There are 2 protein chains.
Amino acid sequence: MAVSKRDFLWAFASGLATASTSRIATAADNPVAADNATAHAAAGHDMAGMPAHWHGSEEIAFLIYPQFTALDVFGPHYMLASLMGAKVHFVAKTREPVASDFKVAVVPTATFDQCPKNLDIICVPGGSNGTLAAMRDKATITFLKDRGGRAKLVTSVCTGSLLLGAAGLLDGYRATSHWLARELLRDFGAEPVDQRVVVDRNRITGAGVTAGIDFGLSIVKQLRDEDYAKTVQLLAEYQPEPPLDAGTPGRAGASTTKLVSDMFVPFMDEVRSFVRTNSR
Amino acid sequence: MAVSKRDFLWAFASGLATASTSRIATAADNPVAADNATAHAAAGHDMAGMPAHWHGSEEIAFLIYPQFTALDVFGPHYMLASLMGAKVHFVAKTREPVASDFKVAVVPTATFDQCPKNLDIICVPGGSNGTLAAMRDKATITFLKDRGGRAKLVTSVCTGSLLLGAAGLLDGYRATSHWLARELLRDFGAEPVDQRVVVDRNRITGAGVTAGIDFGLSIVKQLRDEDYAKTVQLLAEYQPEPPLDAGTPGRAGASTTKLVSDMFVPFMDEVRSFVRTNSR
């Protein structure tokens, strides 16, 4: 058992190390999807001895839209891309690079049409004005309704849950969002829950930004097992030590919380205005 | 005072929300750098009342190289991009998209030549095989020696510290790295320290992957103040709740630690071989 685990993990490490060697991306050579299984096979390691359930074949898609919050994607992406055998897609309206709210541009690997029809996981990141624009974009909502209606797990990080809501995917579900936006979930028929990760049937929603890491690791545990997830956590050296204690309104205190809340009043108003003018 | 703070924060929020509206990236329209000051000014808010030290003009560069670990960049990037007035550059050998170890491609905003000569912060992310290849790449090391020799803060996340070491930038400094690679720092003349973030004069190094978030937030506190950093932490909802307790070798236990260590033996050997064949 120890030997087979080691064989597996060595294959996993080789996959991490070799995944891109043959495909250093250029504009003309944009990697379509991370197929870890292929990378592992290419590494030439015997994987026959590992527990069957440690190797999957999940199709995972992150929605990418203009002004998305990059860390909402790259926290869970680290965790989910560590699922051996999984394919991860970055799906957008076109294959042109998409700029985040902080202006870093990421290259999508698939258009809405190219995205696999039956996903194991669809994950929607948050943002502010960009999320509002995505809510108002018919092609984005049509894509979410379709893939979200079929996906095994329908998930979000931060205000991405508002987009799930706008696509009618949270009606009747318990869910969370960035703490600022959590109460807005009611406008989409969802029941807001003050938890870092909320699971209700096949809906899994994470709280604001950094909650995506806890969200992602919990999905790894769910889809593989605790030993697998421990390995991923140790690889990520995920033993957080925030240098301050201000990560929630309760910890940050009334003054900081009010300041941050005030700055998003226009965003909240715009979301409510969207709900009023769009029937679900 | 409360009013001026609020003005500031509202401007900050507007910057977050509007930073990219005029520049949705396409392949032909790649944002060169996030100039938050411009975005804030464009938002039309009066920022005269805020504390002068809350608005900076830092030039910050992340080194991007093939097979870098994306979360090593996007954790600290969230924090550092929140420094109002700072410009963030993604610097690579060419402006072609660069694929991470998990095959997500990011668009650089500057080449080595285009990167500002005098940086406030240079930050080097980690990886495994890609980091080794970068160590062996003369143009990368030349760039690091030059900008690292002039930068106000010379920083890294994860095995990025090995690259700093290869550029001779950690000789005689206390530093950290991914727990797996920490002892290798001795080969570059550094003194390894088992801490999540290590500060020695102007060298600031973070431990593995997720430590980049703690690293980034601590720099925000250093460059602005505690109130500013609290605001950023609350925006990021950074109140971590790992679903498992295996983030360090001590927490994960001997068995998981040995498995992970074993998978990186070849990487460690290659780094040592690099050191033997390259004089500093």
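Residues numbered from 1 in each chain as written. Chains lettered and ligands numbered in written order. Predicted model: local features only at pLDDT ≥ 70, side-chain atom pairs only at ≥ 80, totals over all residues. Heavy atoms only, no water.

(A) Summary view of the overall build of chain A. If you tally the helices and strands in chain A, you get 11 helices and 12 strands. Residues classed as buried in chain A amount to 65% of the 280 residues present. Here the contacts in chain A between residues at least 6 apart in sequence split such that 69% fall between residues at least 24 apart. (Helix = DSSP H or I, 4+ residues; strand = E, 2+ residues; numbered from the N terminus. Buried < 20%, exposed > 50% of the residue type's maximum accessible area, 1.4 Å probe, protein only. Contact = heavy atoms within 4.5 Å.)

(B) Representation of the side chain of Glu58 of chain B in the model. You can see Glu58 of chain B is positioned in the loop between helix H2 (36-42) and strand E2 (59-63). Apart from the residues within four sequence positions on either side, Glu58 of chain B is in contact with Gly85, Ala86, Lys87, Asp120, Leu223 and Arg224 of chain B.

(C) Here's a closer look at unusual backbone geometry. Residues and elements named next belong to chain B. We note that Gln67 has phi near 70°; this positive angle belongs to a residue other than glycine. Considering the arrangement of structural elements, one finds Gln67 in the loop between E2 and helix H3 (70-81). Of note, Lys103 is a non-glycine position whose phi angle comes to about 70°, a positive value. Residue placement: Lys103 occurs in the loop between strand E4 (98-99) and strand E5 (105-107).

(D) Looking closely at the environment of Arg201 of chain A. Residue and element names in this part refer to chain A. When you line up the elements, Arg201 lands in the loop between strand E11 (197-200) and strand E12 (203-206). Classification of Arg201 by relative accessible area gives exposed; the value is 58%. At a separation of 3.1 Å, a polar atom in the side chain of Arg201 contacts the main-chain carbonyl oxygen of Gly172. At 3.0 Å, the side chain of Arg201 and the side chain of Asp200 are in polar contact. (Polar contact = N/O pair within 3.5 Å; in protein donor to acceptor, adjacent residues only side chain to side chain.)

(E) Highlighting the sheet that holds strand E4 (residues 98-99) of chain A. The strand order E4(A)-E5(A)-E5(B)-E4(B) describes an open sheet built from four strands, whose pairing is antiparallel. Of all strands in the sheet, those with a lone pairing partner are E4 of chain A together with E4 of chain B, marking the two edges. Inspection of the sheet shows strand E5 (residues 105-107) of chain A paired to E5 of chain B by three bridges, in the antiparallel sense. Bridge pairing links Ala105 of chain A to Val107 of chain B in E5 of chain B. (Pairing = 2+ DSSP bridges.)

(F) Structural view of the packing of helix H8 (residues 226-235) of chain A against helix H10 (residues 254-263) of chain B. Relative orientation of the contacting elements H8 of chain A and H10 of chain B amounts to 60°, with a least axis distance of 10 Å. Considering their axes alone, H8 of chain A and H10 of chain B lie oblique with respect to each other. The element H8 of chain A and its partner H10 of chain B pack so that their crossing is right-handed. Taken together, the residues of H10 of chain B that come into contact with H8 of chain A (itself represented by Lys230, Thr231, Leu234 and Leu235 of chain A) are Thr256, Thr257, Val260 and Met263 of chain B. Here the contact of H8 of chain A with H10 of chain B is composed, by residue class, of four nonpolar, three polar and one charged. (Axes fitted to C-alpha atoms, helices over the stretch in contact; angles between N-to-C directions. Parallel < 35°, antiparallel > 145°, perpendicular 65-115°, else oblique. Left-handed = near helix turned anticlockwise from the far one by under 90°. Nonpolar A, V, L, I, M, F, W, Y, C, P; charged D, E, K, R; others polar.)

(G) Layout of the side chain of Arg196 of chain B. By secondary structure assignment, the location of Arg196 of chain B is in the loop between strand E10 (191-192) and strand E11 (197-200). Of the residues examined, Arg196 of chain B reaches a relative accessible area of 7% and is grouped as buried. At 2.7 Å, the side chain of Arg196 of chain B forms a polar contact with the backbone oxygen of Glu237 of chain A. In this structure the side chain of Arg196 of chain B is engaged in a polar contact, spanning 2.5 Å, whose partner is the side chain of Asp214 of chain B. Dropping the residues within four chain positions of it, Arg196 of chain B is found in contact with Glu237, Gln239, Pro240 and Glu241 of chain A together with Thr176, Thr205, Gly206, Ala207, Thr210, Ala211 and Asp214 of chain B.

(H) Inspection of the packing of aromatic side chains at higher detail. If you walk through the whole model with that rule in mind, you get 13 aromatic pairs over all chains. Ring geometry for Phe264 of chain B against Phe267 of chain B: centres 6.4 Å apart, planes inclined by 85°, an arrangement best described as edge-to-face. Using a relative accessible area of 10% as the deciding quantity, one classes Phe264 of chain B as buried. Phe267 of chain B gets classed as buried once you look at its relative accessible area, which sits at 8%. Cluster of aromatic residues (ring-pair linked, three or more members): Phe62, Phe74 and Phe90 of chain A together with Phe62, Phe74 and Phe90 of chain B. Looking at Arg201 of chain A, its charged tip hangs above the ring of Tyr173 of chain A, at a distance of 4.1 Å from the centre. (Phe/Tyr/Trp six-rings, centres within 6.5 Å; stacked < 30°, edge-to-face > 60°. Lys NZ or Arg CZ within 6 Å of the ring centre and 35° of its normal.)

(I) The confidence of the model for chain A, seen in detail. Residues and elements named next belong to chain A. Residues at a pLDDT of 70 or more form 81% of chain A, whose mean pLDDT is 86. Confidence drops under pLDDT 50 across residues 1-11; counting only partners more than four residues distant or on other chains, this segment forms 24 contacts. Counting contacts from residues 14-49, a segment whose pLDDT is below 50, to residues more than four positions away or on other chains yields 81 contacts. We note a pTM of 0.88 for the whole complex and an ipTM of 0.88 for its interfaces. (pLDDT = per-residue confidence, 0-100.)

(J) Main features of the pattern of salt bridges. Residues and elements named next belong to chain A. In the structure shown here, the tally under the stated rule is 27 salt bridges over all chains. Of the charged contacts in the structure, one is a salt bridge between Asp146 and Arg147, with a shortest N-O distance of 2.7 Å. Accessibility expressed as a relative area gives 27% for Asp146, which makes it partly exposed. With relative accessibility at 4%, the residue Arg147 sits in the buried group. (Salt bridge = Lys/Arg side-chain N within 4 Å of Asp/Glu carboxyl O.)

(K) Examining helix H11 (residues 265-277) of chain A more closely. All names here are of chain A. Between the first and last C-alpha of H11 there are 18 Å, a value that for 13 residues agrees with the 18 Å anticipated at 1.5 Å per step. Those residues of H11 that fall on the buried side of the exposure criterion are Phe267, Met268, Val271, Phe274 and Val275. For H11, the angular spread of the buried residues around the axis is 120°, confining them to a single face. Turned more than 90 degrees off the buried face of H11, the exposed positions are Arg276 and Thr277. Looking at the buried side of H11, the elements it contacts are helix H4 (129-135) and helix H6 (160-166). (Expected span 1.5 Å × (residues − 1). Arc of directions from axis to C-beta.)

(L) Inspection of the environment of Leu83 of chain B at higher detail. All names here are of chain B. Within the fold, Leu83 resides in the loop between H3 and strand E3 (87-92). For Leu83, a relative accessible area of 0% translates into the label buried. Considering only alpha carbons, one finds Leu83 and Ala181, 98 residues apart in sequence, at a separation of 30 Å.

(M) Representation of the pairing of strand E7 (residues 121-124) of chain A. All names here are of chain A. Here E7 shows no split at all, with Ile121 and Cys123 on one side and Ile122 and Val124 on the other all buried. Note that strand E2 (residues 59-63) and E7 share three bridges and pair parallel. Counterpart to Ala61 in the pairing with E7 is Ile122. Summarising the sheet, E7 and strand E8 (residues 153-157) pair through four bridges and their orientation is parallel. Looking across to E8, one finds that Cys123 is bridged to Thr155.

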